[in-house]
Amino acid sequence: MRIARYAAALLLAAALMVPAASAIRLVKPTPPEPAAAEPVETAREAEPAAEEETDWKLLLVNPWNALPEDFSVELVTLATCGLKVDKRIRADLNEMFFACRDAGLRPLICSAYRTQATQTRLYNNKISRLRAAGYDQETAVEEAGRWVAVPGTSEHQTGLALDIVSSGYQGLTRKQADTAEQKWLMEHCWEYGFILRYPEDKCDITGIGYEPWHYRYVGREAALAMRDSGQCLEEYLEALEEEAAGDSRTSRT
Ligand SMILES: [Zn+2]
């Protein structure tokens with residue numbers, strides 16, 4: 001009798017363990033209550049698989065939102081430039097890049113994924129250049145942050161951002177916006193899931209000066225929505241949050 005009950009408990013424990021493993025990050029281990037299969041259902045419902053699918057594309061990294069500490073990314077090297085990006089954006093990026101070339105243009109990817117060490121070096125170099133140009137330390141640090149993201153807050157560390165310039169004019173200046181390559185990219189990037197991340201009229205919201213060369217992958221759906229609404233990523237995410245809050249209010253009443 002006792003053995004039979006023990007065996008039944010073992011079977012129940014085994015039944016509970018299988019689905020729990022797939023949802024282990026989301027659901028705290030359920031105490032093995034002898035309430036048959038109920039916890040199994042809970043575990044399955046709690047797994048927001050579809051939501052997780054889109055989240056990585058909308059990761060917000062800006063002066064106020066540093067890269068998550070546990071951030072990791074699977075990178076792939078681009079054949080066209082030897083630089084690395086998140087492997088999930090390669091197909092769309094290549095499609096955009098070659099469509100731009102097919103239009104008779106010569107785009108050049110000059111920066112993609114950066115490690116924390118690279119970002120730190122770029123940031124410190126910018127401060128040094130500003131100091132050499134006569135800025136005091138405090139102003140140099142402030143000004144540097146407008147042009148080179150403080151290490152840990154650069155989108156380039158996500159593997160989702162790229163600097164693309166014209167082969168004919170590679171300067172990272174406002175003049176970049178006048179090149180045929182940028183005109184084409186600004187008009188078509190959303191078709192491939194990219195946005196011009198730091199537009200001229202959104203500097204106060206993005207915290208970054210106008211960069212007519214920095215493109216960010218957000219996925220085709222979000223890119224199209226942002227093009228239609230004229231929102232930058234910060235505005236788009238805020239609207240999404242408001243919408244979600246509105247939905248949950250409605251569904252509860
Ligand atoms: Zn950039």
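Some thoughts on the overall build of the protein chain
Right, so step 1: Along the backbone of the protein chain there are ten helices and six strands.
Right, so step 2: When the 253 residues of the protein chain are sorted by exposure, 24% land in the buried category.
Right, so step 3: Long-range pairs, those at least 24 residues apart, make up 63% of the contacts in the protein chain between residues at least 6 apart in sequence.

What about the nonpolar core?
Right, so step 1: Membership of the largest hydrophobic core comes to 30 residues, with the highest contact counts inside it found for Met-96, Cys-189, Phe-194, Ile-195 and Tyr-215.
Right, so step 2: Where this core is concerned, the elements lending two or more residues are α4 (90-102), β4 (161-166), β5 (194-196), β6 (214-217) and α9 (220-229).
Right, so step 3: Those residues in contact with Cys-189 that sit more than four places away from it in its chain are Met-96, Phe-194, Ile-195, Leu-196 and Tyr-215.

Points about the sheet that holds β5
Right, so step 1: Sheet architecture is open: four strands sit in the order β3-β4-β6-β5, paired in antiparallel fashion. The sheet is open, and its two edges are formed by β3 (107-111) and β5, each paired on a single side. Recorded for the sheet is a direction-independent mean angle of 40 degrees between the axes of neighbouring strands.
Right, so step 2: Where β5 meets β6, three bridges bridge the pair, whose relative direction is antiparallel.

Quick notes on the environment of Glu-142
Right, so step 1: With respect to the helices and strands, Glu-142 occurs in helix α6 (residues 137-147).
Right, so step 2: Sequence-wise, Glu-142 and Ile-127 are 15 residues apart; in three dimensions their C-alpha atoms are separated by 8.9 Å.

Some thoughts on the confidence of the model for the protein chain
Right, so step 1: Taken as a whole, the protein chain shows an average pLDDT of 84; of its residues, 77% reach a score of 70 or greater.
Right, so step 2: Note on residues 6-46: pLDDT is under 50 here. Beyond four places in sequence and across chains, it has 21 contacts.

Considerations on the packing of helix α5 (residues 116-132) against α6
Right, so step 1: Two numbers describe how α5 lies on α6: the axes approach to 9 Å, and their chain directions differ by 130 degrees. Between α5 and α6, the crossing angle belongs to the class labelled oblique. At the point where α5 passes α6, the crossing takes the right-handed sense. The residues of α6 that touch α5, namely those facing Tyr-123, Lys-126, Ile-127, Leu-130 and Arg-131, are Gln-137, Ala-140, Val-141, Glu-143, Ala-144 and Trp-147.
Right, so step 2: Taken together, the residues that form the contact of α5 with α6 break down as seven nonpolar, one polar and three charged.

Rules used in this analysis
- Residues numbered from 1 in each chain as written.
- Predicted model: local features only at pLDDT ≥ 70, side-chain atom pairs only at ≥ 80, totals over all residues.
- Helix = DSSP H or I, 4+ residues; strand = E, 2+ residues; numbered from the N terminus.
- Buried ≥ 20, exposed ≤ 12 C-beta atoms within 10 Å, placed from the backbone.
- Contact = placed C-beta atoms within 7 Å.
- Core = buried A, V, L, I, M, F, W, Y, C linked by C-beta atoms within 7 Å.
- Pairing = 2+ DSSP bridges.
- Axes fitted to C-alpha atoms, helices over the stretch in contact; angles between N-to-C directions.
- pLDDT = per-residue confidence, 0-100.
- Parallel < 35°, antiparallel > 145°, perpendicular 65-115°, else oblique.
- Left-handed = near helix turned anticlockwise from the far one by under 90°.
- Nonpolar A, V, L, I, M, F, W, Y, C, P; charged D, E, K, R; others polar.

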